[in-house]
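Chains, contacts and geometry: an overview
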Amino acid sequence: MSDVKPPEECVSKADIRTAIDAIDEELLKIFARRQGYVRRMAQLKQHPDEAFDHERIETMVALIRARAEELGLEGDQAEHVWRTLIDWNVTYEKRAISLRLETRNRAGRHG
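Residues numbered from 1 in each chain as written. Predicted model: local features only at pLDDT ≥ 70, side-chain atom pairs only at ≥ 80, totals over all residues. Heavy atoms only, no water.

Right, let's talk about the environment of proline 48 for a bit. Residue position: proline 48 is located in the loop between α1 (13-44) and α2 (54-70). Taking C-alpha positions, proline 48 is 8.2 Å from alanine 96, a pair spaced 48 residues apart along the chain. Every residue in contact with proline 48, bar those within four places of it in the chain, is listed here: Lys94, Ile97, Ser98 and Leu101. (Helix = DSSP H or I, 4+ residues; strand = E, 2+ residues; numbered from the N terminus. Contact = heavy atoms within 4.5 Å.)

This is the structure we're talking about:
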C-alpha cells in the first residue's frame, strides 16, 4: 500500500478510488485473518451459548469506539461496523458449535 497517495495528495476521483480500492483489499485480508481466529474460537468453545458474551462485547465496542475516535474515525461508524461483525461472529460460532455437537452426537449413536 506504499504506492497509495495520502488524501491530501489526491487530485482526482481516480486517485481517491485507487487508494480506496487498495485499502479495501487490505481490509479484506485483515478480516479474513480475523475470521480464522473466530473459527478457532468456535472449535474451542464447548456450547453454543458461549458464543455470546454480552460483557465482552460491550467492553470491546467501547474500546473500539474510543480508539476509532482517537484515530479520527467517527465513533458511530466504527461501532456500527464492529457490531455487525460481532453479530456475524456470534451467529457463525453458534452454528459451528451446534453442528460439531450434532455430528459428535450422531457419531456416538452410530458408533
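Alright, that's what it looks like, and here's the rest.
To continue, consider the packing of aromatic side chains. What the rule picks out here adds up to 1 aromatic pair. Taking the centre distance of 5.3 Å and the plane angle of 10 degrees together, the rings of tryptophan 88 and tyrosine 92 count as stacked. Residue tryptophan 88 and its partner tyrosine 92 are both found in helix α3 (residues 75-110); the two are separated by 4 residues, about one turn of the helix. With a relative accessible area of 38%, tryptophan 88 lands in the partly exposed category. (Phe/Tyr/Trp six-rings, centres within 6.5 Å; stacked < 30°, edge-to-face > 60°. Buried < 20%, exposed > 50% of the residue type's maximum accessible area, 1.4 Å probe, protein only.)

So, on to the pattern of salt bridges. This model, assessed by the stated rule, comprises 10 salt bridges. The residue lysine 5 makes a salt bridge to aspartate 15 at a minimum N-O spacing of 3.0 Å. Of the two residues, lysine 5 is situated in the segment before α1 and aspartate 15 in helix α1; the sequence distance between them amounts to 10 residues. Here glutamate 58 makes a salt bridge to arginine 83, at a shortest N to O gap of 2.8 Å. With a gap of 25 residues between them, glutamate 58 in helix α2 and arginine 83 in helix α3 connect regions that are remote in the sequence. Taking the relative accessible area as the measure of exposure, glutamate 58 reaches 30% and is therefore partly exposed. Look at arginine 83 and you get partly exposed, because its relative accessible area is 27%. (Salt bridge = Lys/Arg side-chain N within 4 Å of Asp/Glu carboxyl O.)

This next bit is on the side chain of aspartate 15. By relative accessible area, aspartate 15 is classed as buried at 17%. Of the polar contacts made by the side chain of aspartate 15, one reaches the side chain of lysine 5; its length is 3.0 Å. With residues near it in sequence (within four places) discarded, aspartate 15 still touches Lys5, Glu9 and Cys10. (Polar contact = N/O pair within 3.5 Å; in protein donor to acceptor, adjacent residues only side chain to side chain.)

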